[in-house]
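Per-entry structural report
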Amino acid sequence: MAAMLKVLSPNGLLGRLQGLPSGGLYIRGDERFPLLRILGSLGRVNGVNPSVAGRACFSSESAGESEAPVEQPSSAIVPTNPRPEDHLSVIALPLLHRPLFPGFYMPIYVKDPKLLQALIENRKRSAPYAGAFLLKEENGTDSKENEKNIYDLKGKELFDRLHEVGTLAQITSIQGEQVVLIGHRRLRITEMVNEEPLTVKVDHLKDLPYDKEDDVIKATSFEVISTLRDVLKTSSLWRDHVQTYTQHIGDFNYSRLADFGAAISGANKFHCQEVLQELDVHKRLQLTLELVKKEMEISKLQESIAKAIEEKISGEQRRFLLNEQLKAIKKELGVETDDKTALSAKFRQRLEANKERCPPHVLQVIEEELTKLQLLEASSSEFNVTRNYLDWLTALPWGNYSDENFDVHRAQKILDEDHYGLSDVKERILEFIAVGKLRGTSQGKIICLSGPPGVGKTSIGKSIARALNRQFYRFSVGGLADVAEIKGHRRTYVGAMPGKMVQCLKSVGTANPLVLIDEIDKLGRGHAGDPASALLELLDPEQNANFLDHYLDVPIDLSKVLFVCTANVVEMIPNPLLDRMEIIALAGYITDEKIHIAREYLEKTTREACGIKPEQVEVTDPALLSLIENYCREAGVRNLQKHIEKIYRKIALKLVRLGLSTKATLDTSAQHESTEIHSEEQVAEKKDEEPSEEGLTKQAPDDSTVEATPTHEALEKVVVDEANLADYVGKPAFHAERIYEQTPVGVVMGLAWTAMGGSTLYIETTHVEQGEGKGGLHLTGQLGDVMKESAQIAHTLARAILLEKDPDSTFFANTKLHLHVPAGSTPKDGPSAGCTMITSMLSLALQKPVKKDLAMTGEVTLTGRILPIGGVKEKTIAARRSGVKTIIFPSANRRDFDELSQNVKEGLNVHFVDTYDQIFDLAFSA
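Residues numbered from 1 in each chain as written. Predicted model: local features only at pLDDT ≥ 70, side-chain atom pairs only at ≥ 80, totals over all residues. Heavy atoms only, no water.

1. Points about the overall build of the protein chain
Scanning the protein chain for helices and strands turns up 33 helices and 24 strands. Expressed as a percentage of the 926 residues in the protein chain, the buried residues total 47%. Summed over all atoms, the accessible surface of the protein chain reaches about 45000 Å², with 51% contributed by carbon and sulfur. (Helix = DSSP H or I, 4+ residues; strand = E, 2+ residues; numbered from the N terminus. Buried < 20%, exposed > 50% of the residue type's maximum accessible area, 1.4 Å probe, protein only. Areas by Shrake-Rupley, 256 points an atom, 1.4 Å probe, with all protein chains shown as cover.)

Below, the structure written as structure tokens:
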């Protein structure tokens, strides 16, 4: 018999036919021919169709067959060495639900670890064979109890429960407890060899000889084939499952046909065991015919039940179906367009541009959602959820990248256009762009710009985006306490929205923007989770290639997005986040830099914003310097910009008022004009707040003819100098930080770092009372715990130093000291005031003032060692602002000072010290 049969009987088929649990029968092979066509070919037997005669053997069993096995690589049996017939003793595997037929797969679960190990060892020894035997049922027990107790059976007890005839099974794979078997040939148990694991001696059974030309056998086989074809035609269950998973099984003969029919039937397991035990091929065919005939009857019964149920469809359902058909007809005729159809068309059209670049998993989700949209009622809430979901999915720029520009010279030009100074910061950004040019991509780094407010962190991010030709998107995470702002909400919630990154991609329209995450050091933490932890997945280059937004629920590739973060205080950023960033510090600007920024950037921008021309206004250099030193001392330039805007607004008001007054003068005499101008100015503003009259004058007309409407060019320019600056911006906000021209005894200038930059800080010490044993220390000035401890250390070390310098002195033992840090309303803390406190106490004890124009900073230990500090640039700028000429830094900060630009270090005499003895010599030397 030389016809081909492609078939697979999966778990679902047998489970639905007989209620069997997981663990079905399988057949290997090819998937090229429809099953009904192959079953039709089963009518051509024994040489009638010679074109299929060269197929691979279905299994290694060839007993009772006269034809020689054909060697083809498509054989369903994996060749092994030694051969199956060489195995005379095998491990016995009990089968609970069905027997295993030759040529079929069956997965089983082995719970016994010893048995599982024995099977693994057999596979390692190139002998992957075992015996599969159906388990007998005990009287009075049901199948559930059998399944529960089968794993408890061992040795002789298990041996007595096994059927004598089983199948030699090849072990094709072992995954965990699951062992996949494929049947080879029939076996009969002769005796037990070993109890654990159960091993038995077996005889290899062969089919009894039969006449292939016997008409009865032929007729029986044809009836089996015919019945199988009828069942597949009538039973949708068989047709759907078997046609879906059909596979090539090799050459067929009468014995194979009988096994095949019994294996794929849903018959009782003991009926299947009868077929397995039967060695007479004719009888086996008859048994199989009975089983498939029963299947035919079941299929007919199923068909009659389906028809009966179909007739019970209600009129409402019929109307629904008819309405849907009516809509389809109207759509075809163009009479009416369905809203859902229009929506689907819109989504498909939106996706069409990026369809080739869109990831396959996203396309699959979109197609599924579009299908679901068509099935939903437009009035249902689920419809709106699906529509919004598709709206977001199709609006994202899947695979749409903007072309990056890695031209370093262009980037240098853009950075210089937008920012003055910051040479070290610009150099670092240019290095970053250069690496991107060599690599072809600028991903993989997260830049964090840290520094005081107003130093240009956000604008630097914009400049980087412009230099790289990337889209720019900014969002602030200051005070953010809800993880859903980053990761999105679940779609099940009312009003659910995607996270910020998905909104960003939709907004910019490219998948590689520059995203500026502002105020990352001010992340909050609330009941809705920890946003800092959620940001890890967003920022980590190793994870964000598959960023999962809760709303979209599909992975998004963010690896091409360039993240730039800003922070005021790096220490406030959580360590796991900080570890993924590259910090670029912006310490602030010195006075010279602020003057350049005001002249080249702020004034120009403000003039244009106020509509004033350059020739109409002049702000002198002394006025600008006074504005910076007396009004805008902070590290940044934002406050300076506000003051310049304030000046230009007042000038704009003056120009407009003067213009209106001049227009009124054109209708009257020149004398009346002068009076009206003066009167109107008096009414509008207080006399003491009016800009100086010297800075605002009129230009005489060149001829007797004057235009009806005077222009701003008719006015002389307004001059803002140091004398009239207060008229525009009010009284100075700051006085000189130097309270003392020459610091008195017990007073020393220290250097401090604040979030707004650097500042000078005086430390004052005086004695409260003196007397035998009254030594002590009182602290004021809103000092933090660290500074209080520094004061105690300073007091102890000062006593030791004084004792060394003057052994007879009892100053600290008999004097109660009061140490104060001015500006008591401002909290102060930090480990950098120790050496300043010691110097202040020793100055009081020795009654010697410290050297003029001296400032110092550094923490001291009890042994007199000077420890390094932070904020070197900020403290250096503060010292320059206060006119300090000599600065004392710890030796460990020499590297930080050397990295400062030359204009910051210019004119300063800096000393680097390791021990306090060096400070003593510098502070109190003549």
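2. A look at the sheet that holds strand 9 (residues 514-518)
One open sheet accounts for five strands, arranged 8-9-12-7-13; its pairing is parallel. Since the sheet does not close on itself, it has two edges, and those belong to strand 8 (472-476) and strand 13 (582-585), each with one partner. For this sheet, the mean angle separating the axes of adjacent strands, direction not counted, is 20°. Relative to the sheet, helix 19 (residues 500-508) contacts strand 8, strand 9 and strand 12 (562-567), its axis offset from that of strand 8 by approximately 150°. (Pairing = 2+ DSSP bridges. Axes fitted to C-alpha atoms, helices over the stretch in contact; angles between N-to-C directions. Contact = heavy atoms within 4.5 Å.)

3. Quick word on the packing of helix 22 (residues 591-610) against helix 23 (residues 621-630)
Helix 23 packs onto helix 22 with a crossing angle of 120° between their chain directions and a minimal axis gap of 10 Å. By the angle between their axes, helix 22 is oblique relative to helix 23. The two elements helix 22 and helix 23 meet at a crossing, and its hand is right-handed. Where helix 22 abuts helix 23, its residues T591, K594, I595, A598 and R599 lie against D621, L624, L625, I628 and E629. Counted by class, the contact of helix 22 with helix 23 contains five nonpolar, one polar and four charged residues. (Parallel < 35°, antiparallel > 145°, perpendicular 65-115°, else oblique. Left-handed = near helix turned anticlockwise from the far one by under 90°. Nonpolar A, V, L, I, M, F, W, Y, C, P; charged D, E, K, R; others polar.)

4. Examining the packing of aromatic side chains
Applying the stated criterion across every chain yields a total of eight aromatic pairs. Ring centres 6.1 Å apart and planes at 70° place the aromatic pair Y389 and Y551 in the edge-to-face group. With a gap of 162 residues between them, Y389 in helix 14 (residues 381-395) and Y551 in the loop between strand 10 (547-548) and strand 11 (555-556) connect regions that are remote in the sequence. The pair formed by Y389 and Y551 is uniform in burial state, with each residue classed as buried. (Phe/Tyr/Trp six-rings, centres within 6.5 Å; stacked < 30°, edge-to-face > 60°.)

5. Some details on the confidence of the model for the protein chain
Looking at the protein chain as a whole, its pLDDT mean stands at 77, while 79% of the residues score no less than 70. Confidence over residues 1-38 falls short of pLDDT 50; this stretch has 147 contacts with residues more than four positions distant or in other chains. Scored below 50 in pLDDT, residues 662-714 makes 48 contacts in the model with residues more than four places away or belonging to other chains. (pLDDT = per-residue confidence, 0-100.)

6. Description of the nonpolar core
Among the nonpolar cores identified, the biggest contains 55 residues, and I517, I520, L552 and L577 are the most heavily contacted of them. Setting aside its immediate chain neighbours within four residues, I517 contacts F475, V477, L535, L538, L539, F563, V564, C565 and T566. Ranked by size, the runner-up nonpolar core spans 51 residues in total, among them L562, Y631, I644 and V718. (Core = buried A, V, L, I, M, F, W, Y, C linked by side-chain atoms within 4.5 Å.)

7. With respect to helix 17 (residues 457-468)
Taking 1.5 Å per residue as the helical rise, helix 17 with its twelve residues ought to reach 16 Å, and the 17 Å between its terminal C-alpha atoms agrees with that figure. Looking at the buried side of helix 17, the elements it contacts are helix 15 (408-418), helix 16 (423-439), strand 7 (446-450), strand 8, strand 9 and strand 12. A positive phi of about 60° marks N469, the residue just after helix 17. (Expected span 1.5 Å × (residues − 1).)

8. Details of helix 22
The axis of helix 22 is deflected most strongly, by about 45°, at A598. Residues of helix 22 that are buried include every one of T591, E593, K594, I597, A598, Y601, L602, E603, T606 and R607, and no others. After helix 22 finishes, the residue G611 shows a positive phi value of roughly 75°. (Bend = angle between axes of the 7 residues up to and from the residue.)

9. Thoughts on the environment of L208
When you line up the elements, L208 lands in the loop between strand 6 (199-204) and helix 6 (215-234). Classification of L208 as partly exposed rests on a relative accessible area of 42%. Residues L208 and V281, 73 residues apart in the sequence, show an inter-C-alpha distance of 7.0 Å. Those residues in contact with L208 that sit more than four places away from it in its chain are L279, D280 and V281.

10. Looking at the pairing of strand 23 (residues 886-890)
Burial analysis of strand 23 places five of its five residues in the buried class, the great majority of the element. Where burial is concerned, the two faces of strand 23 agree: the one with T886, I888 and P890 and the one with I887 and F889 are both buried. When strand 20 (residues 854-856) meets strand 23, the two strands line up parallel, connected through three bridges. Paired with L854 across the strands is T886, a residue of strand 23. Pairing between strand 23 and strand 24 (residues 909-913): five bridges, direction parallel. Across the sheet, the residue bridging to P890 is V913, located in strand 24.

11. Observations regarding the side chain of K875
If you trace the backbone, K875 turns up in helix 30 (residues 872-881). Within the buried set, K875 has no salt-bridge partner at all; the shortest N-O distance to an opposite charge, 8.2 Å, is to E874. When near neighbours in sequence (up to four residues on either side) are disregarded, K875 contacts L751, A752, W753, S832, T857, I869 and G870. (Lys, Arg positive; Asp, Glu negative; His and termini not counted. Salt bridge = Lys/Arg side-chain N within 4 Å of Asp/Glu carboxyl O.)

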